[in-house]
Amino acid sequence: MKKALITGITGQDGAYLAELLLEKGYEVHGIKRRSSLFNTQRIDNLYEDPHEKNVRFKLHFGDLSDSTNIIRIIQEVQPDEIYNLGAMSHVRVSFDEPEYTAQVDGIGTLRILEAVRLLGLTEKTRIYQASTSELYGGVQGHAQSELTPFYPRSPYAVAKLYGYWITVNYREAYGMYACNGILFNHESPLRGETFVTRKITRAVARIGLGLQDKVFLGNIDSLRDWGHAKDYVEAMWLILQQEKPEDFVIATGVTTSIRDFVRMAFAEIGVELEFRGEGVAERAFVVSASNPDYPVEVGKEVLSIDERYFRPTEVDLLLGDPTKAMTKLNWQPKYDLAALVKDMMTADIDLFRRDQLLAEGGHLVLNYFE
Ligand code: NDP
Ligand code: GDR
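Residues numbered from 1 in each chain as written. Chains lettered and ligands numbered in written order. Predicted model: local features only at pLDDT ≥ 70, side-chain atom pairs only at ≥ 80, totals over all residues.

The protein chain is annotated in an unreviewed UniProt entry as GDP-mannose 4,6-dehydratase of Larkinella humicola. Reading the Cofactor (unreviewed entry) entry of the UniProt record for the protein chain gives the comment "NADP(+)". (UniProt positions renumbered as here; feature names shortened; annotations may be inferred.)

Student: So what's going on with the site of ligand 2? Which residues, and what values?
Tutor: Around ligand 2 lies a shell of 23 residues, among which Val91, Thr132, Val196, Gly218 and Ser222 are the nearest. Among the residues forming the shell around ligand 2, the class breakdown is nine nonpolar, eight polar and six charged. Residue contributions to the shell around ligand 2 reach at least three from each of two domains, namely domain 1 (3-183) and domain 2 (196-223 + 257-314 + 337-360). (Near = placed C-beta within 6 Å. Nonpolar A, V, L, I, M, F, W, Y, C, P; charged D, E, K, R; others polar. Domains from an automatic or database assignment.)

Student: Requested: an account of the domain arrangement of the protein chain, with residues and values cited.
Tutor: For the protein chain, the domain assignment lists domain 1 (3-183) and domain 2 (196-223 + 257-314 + 337-360). Placing the centre of domain 1 and that of domain 2 at their C-alpha centroids yields a distance of 32 Å.

Student: Residue-level account of the nonpolar core, with values.
Tutor: Among the nonpolar cores identified, the biggest contains 64 residues, and Ile6, Leu17, Ala18, Tyr83, Ile127, Met236 and Ile250 are the most heavily contacted of them. Top contributing element to this core by residue count: helix α5 (residues 155-174), with eight residues. With sequence-adjacent residues up to four places away left out, Ala18 is seen in contact with Ile6, Ile9, Val28, Gly30, Ile43 and Leu46. If you look at the next biggest cluster of nonpolar residues, it comprises 26 residues, including Ile200, Val215, Ala284 and Val296. (Core = buried A, V, L, I, M, F, W, Y, C linked by C-beta atoms within 7 Å. Buried ≥ 20, exposed ≤ 12 C-beta atoms within 10 Å, placed from the backbone. Helix = DSSP H or I, 4+ residues; strand = E, 2+ residues; numbered from the N terminus. Contact = placed C-beta atoms within 7 Å.)

Student: So, unusual backbone geometry: which residues are in play, and what are the values?
Tutor: A negative phi angle characterises most non-glycine residues, just as the trans form characterises most peptide bonds. A positive phi angle, close to 55 degrees, is found at Asn54, a residue other than glycine. Locating Asn54 in the fold gives a position in the loop between β2 (27-32) and β3 (57-61). Backbone geometry at Gln78 places phi at a positive 50 degrees, although glycine is not the residue there. Tracing the backbone through its elements, the reader meets Gln78 in the loop between α2 (67-77) and β4 (81-84).

Put into structure tokens, the structure is as follows:
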């Protein structure tokens, strides 16, 4: 039985990847951080009672900022594959916590590679590094491929640039099977609540159910190449199954503005919007509401711009060229953007219908998360 170790197992991708690897027959080990609250909601469905025999899903306390902890876990597990998904992954927050971001996203990657080398596992253990389209940052005007030079535009992207190159360097210097997946944005019902797509689908569900008046967003002009996380974790696994270690861009090849994502999410509850004004003065109003389950008032203002969400340096356009992955890995995404939006909206409507019932019964105070 193959053993995999996943850092960041409690995150969006960690949860989908763990599920996929368990389905494929792996023994799956994950590193979770100690937290004062439970932080395993996304993987609770995979939990196995450690008192049982033949348990295939195991969690270890750890942190990418702690080399000794990383070395000990890798020594204990002796993994065939490591997926390094752990990161301070929020671009806007990386401007507030640049040093921590460098420690975890940059040096954290080195800690994994160096642990494998020091433990003499270079022949046995294959390593996947979660690289990102944010590496392209300031590159504009054409689809970004494995050959496009990088231009990071945030402390997050600069830290990930180190992670990218140290992975390439360990491959070249020590012959390690270490690869970068340069993944463009991917979303799902498990997406963190403060990333823009999930923030939008949560807000639209709540507005439709009468639980919230409007949503505040930052720059809605930027364009992103969005896929579904379920499709993207499949690509991570494929990258580690090749004969030779290589880096791959994973993307859909379609780019869409945040404004259009908002339109698509509202369309899921039968609401059509009109955007008026420009820049920080831009607002969106309801022009029609055709679904009686979501009786949003015509004329209501449901979106405003809040400068707090602007970034000191923005990435205006991301558009990936996944040709190499499609030909060499035979990878094909199953979800397009319309199917992704539908999946996220369905899940968030279910979530808030439940909350609505609990709130009506006086069992829950509904909060508004940014
Ligand atoms: P999430 O933010 O959902 O998950 C991040 C995971 O990293 C969580 O499990 C988090 O733990 C863990 N983590 C954070 N800090 C540390 C630390 N110091 N030590 C150990 N673990 C830590 O991210 P995603 O699942 O969306 O992304 C997975 C990876 O892929 C990340 O590296 C991200 O940067 C990268 N990426 C993501 C893309 C996307 O569109 N989703 C695109 C390209 C790359 P906790 O739950 O306790 O916070
Ligand atoms: P991104 O994702 O920065 O691309 O990084 P995010 O969803 O945070 O932002 C996408 C775009 O939306 C704009 N935006 C807002 N963003 C947030 N979070 N909140 C808002 O209110 C808002 N309004 C507008 C942003 O300015 C940006 O242009 C994600 C992360 O998962 C990274 O870890 C990953 O590496 C990249 O995707 C690929």
